[in-house]
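Secondary and tertiary structure notes
Chain residues, written in single-letter form:
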Amino acid sequence: MAKITMVEAINLAHAWEMAEDPSVVVLGEDVGVNGGVFRATAGLQQRFGKSRVQDMPLAEGLIAGTAIGMAAQGLRPIAEIQFMGFIYPALDQIASHMARLRNRTRGRLSCPLVLRMPHGGGIHAPEHHSESLETLLCHHPGLRVVCPCTPTRAYGLLLASIRDPDPVIFLEPVRLYRYARQEVVDDGQALPIGNCHMLREGSDLTLVTWGAMTVDSLKAAEQVATDGISCEVIDVSTLSPIDFETILTSVVKTGRLLIVHEAPRTVGVGAEIAATVAEQALYDLHAPIRRVTGYDTVMPLYRLEHEYIPGVARILDGIRATVGD
Amino acid sequence: MARFEIPYRGCLANDGTLCGELPAFGADTELLRDLYRTMVRARTFDTKAVNLQRTGKLGTYPSCLGHEATHVGAGAAMRTEDVMFTVYREVGSKLWRGVDMLDILLYWGGDERGTIYQRNTQDFPFCIPIGSQMPHAAGAALSFQIRGEPRCALVFIGDGGTSQGAFYEALNLAGTKSLPLVCVIVNNRWAISVPVETQTASQTLAQKAIAAGIPGQQVDGNDVLIVREVVGEALERARQGGGPSVIEALTYRLSDHTTSDDATRYRRAEEVAAAQRLEPIGRMRRFLEARGLWSEAQEEQLRRESAAQVDAAVKQYLATPRQSSDTMFDYLFAQLPVGLRAQREDARRYAAPTS
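Every value quoted in this text rests on a predicted model; they were computed, and no experiment measured them.

**Overview of the overall build of chain B**
Within chain B, the secondary structure is distributed over 13 helices and 8 strands. Taking 2.2 N^0.38 as the reference for a compact globule, 355 residues should give roughly 20 Å; the C-alpha atoms of chain B span a radius of gyration of 21 Å, in line with that estimate. In terms of overall dimensions, chain B has C-alpha extents of about 65 × 50 × 40 Å along its principal axes. Relative to its full complement of 355 residues, chain B shows a buried share of 50%. Taking contacts inside chain B between residues at least 6 apart in sequence as the whole, the part at least 24 apart equals 73%.

Here it is as structure tokens:
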């Protein structure tokens, strides 16, 4: 079996579900003959036709809003926003309609759609191309927000997202698109949304993270292992709703929690995790909860992006400080 | 029943002869040469910038190849006190308006100092979120109107940008308030991989102005003379209180969308080759030469000077040390909130050396 990248796995999941389910359609900017700027939809228009893979006029609000109308009419749209930094014109549609349609019609209408977009920085991209804006989406009840960190997870979670009866925001960590290859069984098997994934078991500290930060977190966990510190690393994977059971079970076991994310610190998803753990497991903690995050700054242009994105050194210090407390 | 017309204007044919009346500014032969010189400088810069990206010394860069007449012509029609709102490709407009090549390199080289513009204090920096510059220009125009200043806002937008809500919203406002705003739609036929026919069923982009009660016209965007003339007329009309205009400049994106793009995936080489034959710089040179305003020696000198200017900017760019991590914080607010000081300290601790 060939080993493939995350972006290839995303492409495979599209193709599987489009072949299985004629109601699945793809829309976005440059998703057709160009196959998406990251090649996530490469070959789909050639294989499934222009009717099912539609290039849209250049308007993110239009793409999100159109997907809502299509989904309510029984299609299963997979809509692409080219970069997460361009999501702002779409937020009106996402917040005012996508997240609310089922609720406001008491279930008469719904939005079974996927809104995919690259997430995060680290690839020397221009301004507005490197943002981590998951908080904007997680703050809206009625949306699922998923963020895979490996090719197999991307494949299985995208299939689950397409099949989900409600809208799913699918965040694709941009520096993992081609970071590693993995064997992916192209069998149409979905992975459940709403579960954390255990990346590494340990006993001294629970490190909770997601997206591209899983890579640096695992590197840091490996390094401290040589000092005899045993980190349990959890990929949150679904950022809304969060699988707190897995996180709490781990924290009860280790007594220590470090949260690592790329997005700015203030009102980041890490704050929600810290608050919930404080509410439900404070007496199991041996040390204060810590966060290692992006700073509360504008995402800088690329020459400073590695000053902004938490690296292994910051995570190592976070681990050592938490274990030392 | 309402009837509308979208005029099309050009004056410089591809062979360098006049196919329309020479604008009055054509009497200023030094201006004619300056228009040409700036187009050549923009292209020399552009070629070098693409090469820098290819050798890993610049980030993603959107080439302006083929757009020089539109960019330079529109920039040259402005007065110094007018304010310009660009998209991200208008090298020629920026150079005409006193932005340094170094600034443009710094910006695409991932350094915010490329937006400081030492010799241009009012123009906005490049604007990447498509169409979002339109309301800013309308706002600037509204401020000129409120204060009774004889100034204008000039805003560029691409063919793809005309699909954004912000485009219509801003034009609508400009129409209702008769704002001193000139919108130049740079129709280069391609929004990354999407051709203009897929973008809109509208026969012209200029006619999108009609719905906002604004006159719209098309010009040959590879003819620097007509762009300079028509944009100049629109600015003067706006300055006199005559209200906004939309000018659609028909040109062609001869390059990939950016250095991250590969246009061979979605458009035919014959189409690009045909557009190449209509490119703007050769045409202006033929015009100047035919009128005895330009010689081989002047051409050689210009090429030499342009290359030297670009080389000097590149040298300075490559020697510019990275900013410190403090700068992520220091420009967020006029005064850094106390709560952020600890984060700034933290960033310092992990910062890599800046040189």
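**Considerations on the nonpolar core**
Residues Ala67, Leu115, Leu207 and Ile319 of chain A are the most contacted members of the largest nonpolar core, which totals 107 residues. With 8 residues, the single largest contributor to this core is helix 1 (residues 6–20) of chain A. Once you skip the residues sitting within four places of it in the chain, Ile319 of chain A turns out to touch Leu205, Leu207, Ala220, Val224, Ile229, Cys231 and Leu258 of chain A. By size, the runner-up hydrophobic cluster in this structure holds 88 residues, among which are Leu52, Met84, Phe85 and Ala140 of chain B.

**Observations regarding the interface of chain A and chain B**
On the side of chain B, 34 residues touch chain A, which itself brings 29 residues to the contact. At the level of secondary structure, the elements contributing two or more residues to the side of chain A that touches chain B comprise helix 11 (305–308) and helix 12 (312–324) of chain A. Along the lines of polarity and charge, the residues of the side of chain A that touches chain B split into 16 nonpolar, 5 polar and 8 charged.

**Examining the domain arrangement of chain A**
Where the parts come together, the accessible area they lose is often given as the size of the interface. Residue and element names in this part refer to chain A. Along its sequence, chain A is carved into domain 1 (3–183) and domain 2 (197–324). The partner domain 2 presents 22 residues to the 26 residues of domain 1 that form the contact. Sorting the residues of the side of domain 1 that touches domain 2 by element identifies helix 6 (134–138), strand 6 (144–146) and strand 7 (168–173) as the ones contributing at least two each. Its residues assigned to classes, the side of domain 1 that touches domain 2 shows 12 nonpolar, 8 polar and 6 charged.

**Focus on helix 10 (residues 269–281) of chain A**
Working note: α-helix, 3.6 residues per turn, so residues spaced by three or four point in the same direction. All names here are of chain A. Compared with an ideal rise of 1.5 Å per residue, which puts 13 residues at 18 Å, helix 10 spans 18 Å between its outermost C-alpha atoms and is within 8% of the ideal. Considered for burial, the residues of helix 10 that qualify are Val269, Gly270, Ile273 and Val277. Along the long axis of helix 10, the arc covered by the buried residues comes to 100 degrees, so they all point the same way. Across from the buried face of helix 10, at angles greater than 90 degrees, the exposed residues are Ala275 and Glu279. Looking at the buried residues of helix 10, the elements they touch are helix 6, strand 10 (205–209), strand 12 (238–240), helix 9 (244–254), strand 13 (257–264) and strand 14 (290–294).

**Considering unusual backbone geometry**
Peptide bonds are trans in most cases, and residues, glycine excluded, mostly fall at negative phi. Residue and element names in this part refer to chain A. For the bond running from Ser240 to Pro241, omega is -5 degrees, close enough to zero to count as cis. By secondary structure assignment, the location of Pro241 is in the loop between strand 12 and helix 9. Phi is positive for Arg39, close to 75 degrees, though the residue is something other than glycine. Relative to the elements of secondary structure, Arg39 occurs in the loop between strand 2 (24–28) and helix 2 (44–48).

**Overview of the sheet that holds strand 13 of chain A**
Residue and element names in this part refer to chain A. Spatially, the 5 strands line up as an open sheet ordered 9-11-10-13-14, and their pairing is mixed. Each of the sheet's edge strands pairs with one partner strand only, and the pair in question is strand 9 (197–200) and strand 14. Neighbour-to-neighbour, the strand axes of the sheet open up by a mean angle of 25 degrees, direction not taken into account. With respect to the sheet, helix 8 (residues 213–225) is in contact with strand 9, strand 10, strand 11 (231–235) and strand 13, its orientation differing from that of strand 11 by roughly 170 degrees. Contacting strand 10, strand 11, strand 13 and strand 14, helix 12 runs over the sheet at an angle of about 170 degrees to strand 14.

**Structural notes on the packing of helix 2 (residues 68–77) of chain B against helix 8 (residues 224–239) of chain B**
All names here are of chain B. Two numbers describe how helix 2 lies on helix 8: the axes approach to 8 Å, and their chain directions differ by 35 degrees. As helix 2 runs across helix 8, the sense of the crossing is right-handed. On helix 8, the residues that touch Ala69, Thr70, Val72, Gly73, Ala74, Ala76 and Ala77 of helix 2 are Val224, Val227, Arg228, Val231, Gly232 and Leu235.

**Brief notes about the sheet that holds strand 5 (residues 114–119) of chain A**
All names here are of chain A. Overall, mixed pairing links the 7 strands, which are arranged 3-2-4-5-7-6-12 in an open sheet. Of all the strands in the sheet, the pair left with one neighbour each is strand 3 (53–55) and strand 12. Between one strand and the next, the sheet's axes are offset by a mean angle of 20 degrees, whatever the strand orientation. When strand 6 meets strand 7, the two strands line up parallel, connected through 3 bridges. What sits directly across from Arg144, in strand 7, is Val168. Against the sheet, helix 7 (residues 151–163) contacts strand 2, strand 4 (76–80), strand 5, strand 6 and strand 7, and its axis sits at roughly 160 degrees relative to strand 7.

**So, the domain arrangement of chain B**
When its domains are assigned, chain B resolves into domain 1 (8–320) and domain 2 (325–355). Measuring from the centre of the C-alpha atoms in domain 1 of chain B to the corresponding centre in domain 2 of chain B gives 36 Å.

**Notes on the environment of Gln199 of chain B**
Considering the arrangement of structural elements, one finds Gln199 of chain B in helix 7 (residues 196–199). Beyond its immediate stretch of four places on either side in the chain, Gln199 of chain B contacts Pro57 and Leu58 of chain A together with Asp159, Gly160, Ser163, Ala191 and Val194 of chain B.

**Brief notes about the environment of Thr259 of chain B**
Residue and element names in this part refer to chain B. Residue placement: Thr259 occurs in the loop between strand 8 (245–250) and helix 9 (269–276). Residue Thr259 is classed as buried on the basis of its C-beta count, with 20 C-beta atoms lying within 10 Å. With sequence-adjacent residues up to four places away left out, Thr259 is seen in contact with Val50, Gln53, Thr60 and Tyr61.

**Quick word on the packing of helix 4 (residues 101–108) of chain B against helix 11 (residues 296–318) of chain B**
Describing two packed helices takes the angle between their axes plus the distance from one axis to the other. Residue and element names in this part refer to chain B. It is the contact of helix 4 with helix 11, at a shortest axis distance of 9 Å, that shows an interaxial angle of 45 degrees. In terms of axis orientation, helix 4 runs oblique to helix 11. As helix 4 packs across helix 11, the resulting crossing turns out to be right-handed. Two secondary-structure elements touch here, helix 4 through Met101, Leu102, Leu105 and Leu106 and helix 11 through Gln309, Val310, Ala313, Val314, Gln316 and Tyr317. Split into classes, the residues belonging to the contact of helix 4 with helix 11 amount to 8 nonpolar, 2 polar and no charged.

**Some thoughts on the pairing of strand 7 (residues 216–220) of chain B**
Residues and elements named next belong to chain B. Burial runs high along strand 7: 5 of the 5 residues are buried. Of the two faces of strand 7, the one carrying Gly216, Gln218 and Asp220 and the one carrying Gln217 and Val219 are both buried. Two elements, strand 1 (residues 8–9) and strand 7, share 2 bridges in a ladder whose sense is parallel. Bridge pairing links Tyr8 to Gln218 in strand 7. Where strand 7 and strand 8 come together, 5 bridges link them in parallel fashion. The partner of Asp220 across the bridge, within strand 8, is Leu250.

What counts, and where the lines are drawn
Residues numbered from 1 in each chain as written. Chains lettered and ligands numbered in written order. Predicted model: local features only at pLDDT ≥ 70, side-chain atom pairs only at ≥ 80, totals over all residues. Helix = DSSP H or I, 4+ residues; strand = E, 2+ residues; numbered from the N terminus. Rg over C-alpha atoms; globule rule 2.2 N^0.38 Å. Buried ≥ 20, exposed ≤ 12 C-beta atoms within 10 Å, placed from the backbone. Contact = placed C-beta atoms within 7 Å. Core = buried A, V, L, I, M, F, W, Y, C linked by C-beta atoms within 7 Å. Nonpolar A, V, L, I, M, F, W, Y, C, P; charged D, E, K, R; others polar. Domains from an automatic or database assignment. Expected span 1.5 Å × (residues − 1). Arc of directions from axis to C-beta. Pairing = 2+ DSSP bridges. Axes fitted to C-alpha atoms, helices over the stretch in contact; angles between N-to-C directions. Left-handed = near helix turned anticlockwise from the far one by under 90°. Parallel < 35°, antiparallel > 145°, perpendicular 65-115°, else oblique.

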